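# Fold and geometry: a report
So you can see what is in the structure, the chains are spelled out below.
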Amino acid sequence: MAAMAAPSKSTTGSSDSDNLPWVEKYRPIRLNDIVGNEETVERLKVISQEGNLPNLIITGAPGIGKTTSVLCLAHELLGPAYKEAVLELNASDDRGIDVVRNRIKMFAQKKVTLPAGRHKIIILDEADSMTPGAQQALRRTMEIYSNTTRFALACNMSSKIIEPIQSRCAILRYGKLGDKQLTKRLLEICEMEKVSYDPEGLDAIVFSAEGDMRQAVNNLQATNSGFGHVNSENVFKVCDQPHPVIVQSMLEHCAKGEVEPACQLLRDLWGQGYSALDIITTLFRVVKLDGVMAEGLKLDFIKEIGMTHMKILEGVQTLVQLTGLMARLCKASLPASKFII
């Protein structure tokens, strides 16, 4: 599943869905149920009313409703003919050049009874992982069968789709979901599933999800099934991320120029088994959300954290690298007069 958006009211009462993962149990089946990206979804609603579906590329981060939007659109366009007239392939399928020449081409040639003015739909999930050869074969297929078949490509990075295909498609860009949108949906699921929770627990899920609805719902279900109660402590155990409170305390020491207490907290996190990437990612997110730190100091902190993050991604994932970051953050917070010799 490339994207999870909102719970569908029509699926919550089904006994068959009780054992489903919540991301599937509450997957929407109508465009009106989708959370976030309102302007883009409105364009899809216009397409569903007029029936003239162009070839589409929907691009954006994982878990924000891309594939779900296409499936909802297909349901509203085709109605009862959905099963016969939709072919969905995702990244787990073989989608090399042979699949394009055979399976996709055979589906495009298949005769299906459709409502007036409607087309068969081929949905390619994670389309940016298709081989260049398969994409070259696909562009010709899109041209030949344009009268009967339309393509919807969902991907994380549209730049990995070759230019000839991009020029044949309308590109819709999805952004990450807002904290309020995530919280509203989590509250609805908590009510329907009778989940015991604290407001701080939901805030922790939203913080860890970073705008990804699918991850937020998965973390909610995992915390509920593992501990029976959703609070911040349990959430961060499930997510296996450094606790933001500890990271915040580390940054407060850095802002005061207290390098030893900051390094001690860092060593504690390292001793708990968190990787350099886990720690640097949480550092950045906590600094970004800090509402107390002076703006100039925050900019300096973000600059230093960004440079260290880049070095870590290049492979230097050591405690020494992070300890050096603590020292630079402490130095940035002290007046320049203290360093004049």
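Treat the numbers as computed from the prediction; the structure is a model and nothing was measured.

## Describing the overall build of the chain
In terms of helices and strands, the chain carries 16 helices and five strands. Expressed along its principal axes, the backbone C-alpha trace of the chain runs to roughly 80 × 45 × 30 Å. Counting every position in the chain, which comprises 341 residues, the buried fraction comes to 47%. For the chain, the share of sequence-separated contacts (at least 6 apart) that also reach a separation of at least 24 residues comes to 72%. Per element, the accessible surface of the chain, about 16600 Å² overall, is 52% carbon and sulfur. Computed over 39 positive and 40 negative side-chain charges, the inter-centroid distance for the chain is 7 Å.

## Quick look at the domain arrangement of the chain
Often the size quoted for an interface is simply the accessible area lost on bringing the parts together. The assigned domain composition of the chain is domain 1 (22–174), domain 2 (182–239) and domain 3 (244–334). Computed from C-alpha atoms alone, the centre-to-centre distance between domain 2 and domain 3 is 26 Å. Counting residues at the interface gives five residues for domain 2 and four residues for domain 3. For the pairing of domain 2 and domain 3, the buried interface totals around 440 Å² over both sides, and the portion due to carbon and sulfur atoms is 66%. A per-residue breakdown of the area domain 2 buries against domain 3 is headed by F207, E210 and F236, which together make up 96% of the total. Inspection of the region where domain 2 meets domain 3 yields one salt bridge. Here R285 and E210 are joined by a salt bridge, their closest N and O atoms 3.5 Å apart. Counting across the interface, domain 2 meets domain 3 through two residue pairs in polar contact (both at pLDDT 80 or more).

## Thoughts on the state of the cysteines
Under the defined criterion, the tally for this structure stands at zero disulfides. No disulfide involves C169; its sulfur sits 9.6 Å from that of C155, the nearest cysteine. By relative accessible area, which is 11% here, C169 ends up buried. Just so you know, C239 is unpaired, no disulfide at all, and the nearest cysteine sulfur is the one on C190, 14 Å from it. A relative accessible area of 16% places C239 in the buried class.

## A few points about the side chain of T308
Summarising the element assignment, T308 is placed in helix α15 (residues 295–313). With relative accessibility at 0%, the residue T308 sits in the buried group. One polar contact links the side chain of T308 to the main-chain carbonyl oxygen of E304, over a distance of 3.0 Å. Apart from the residues lying within four places of it in its own chain, the contact partners of T308 are I280, Q321, L325 and R328.

## Re the confidence of the model for the chain
Across the chain, the average pLDDT comes to 85, with 92% of residues at or above 70. pLDDT under 50 marks residues 5–15. Its contacts with residues more than four places away, or in other chains, come to 35 contacts.

## What about the nonpolar core?
In globular proteins that are soluble, nonpolar side chains generally tend to be buried together. Within the largest apolar cluster, 74 residues are counted, with the highest numbers of intra-cluster contacts made by L220, L283 and M326. Residue contributions to this core peak at seven residues, all from helix α3 (residues 66–78).

## So, the packing of aromatic side chains
In this structure the tally under the stated criterion is one aromatic pair. A ring pair is formed by F207 and F236, whose centres lie 6.4 Å apart and whose planes are at 70°; its orientation type is edge-to-face. Residue F207 is located in helix α9 (residues 199–209), and its partner F236 is located in helix α11 (residues 232–239); the two are separated by 29 residues in the primary sequence. The exposure class of F236 is buried, given its relative accessible area of 6%. We note K120 situated over the ring of F107; from NZ or CZ to the ring centre the distance is 5.7 Å. Between the NZ or CZ atom of R285 and the centre of the ring of F207, over which it lies, the distance is 4.4 Å.

Calculation rules
- Residues numbered from 1 in each chain as written.
- Predicted model: local features only at pLDDT ≥ 70, side-chain atom pairs only at ≥ 80, totals over all residues.
- Heavy atoms only, no water.
- Helix = DSSP H or I, 4+ residues; strand = E, 2+ residues; numbered from the N terminus.
- Buried < 20%, exposed > 50% of the residue type's maximum accessible area, 1.4 Å probe, protein only.
- Contact = heavy atoms within 4.5 Å.
- Areas by Shrake-Rupley, 256 points an atom, 1.4 Å probe, with all protein chains shown as cover.
- Lys, Arg positive; Asp, Glu negative; His and termini not counted.
- Charge placed at Lys NZ, Arg CZ, Asp CG, Glu CD.
- Domains from an automatic or database assignment.
- Buried area = accessible area lost by both parts, 1.4 Å probe.
- Salt bridge = Lys/Arg side-chain N within 4 Å of Asp/Glu carboxyl O.
- Polar contact = N/O pair within 3.5 Å; in protein donor to acceptor, adjacent residues only side chain to side chain.
- Disulfide = S-S within 2.5 Å.
- pLDDT = per-residue confidence, 0-100.
- Core = buried A, V, L, I, M, F, W, Y, C linked by side-chain atoms within 4.5 Å.
- Phe/Tyr/Trp six-rings, centres within 6.5 Å; stacked < 30°, edge-to-face > 60°.
- Lys NZ or Arg CZ within 6 Å of the ring centre and 35° of its normal.

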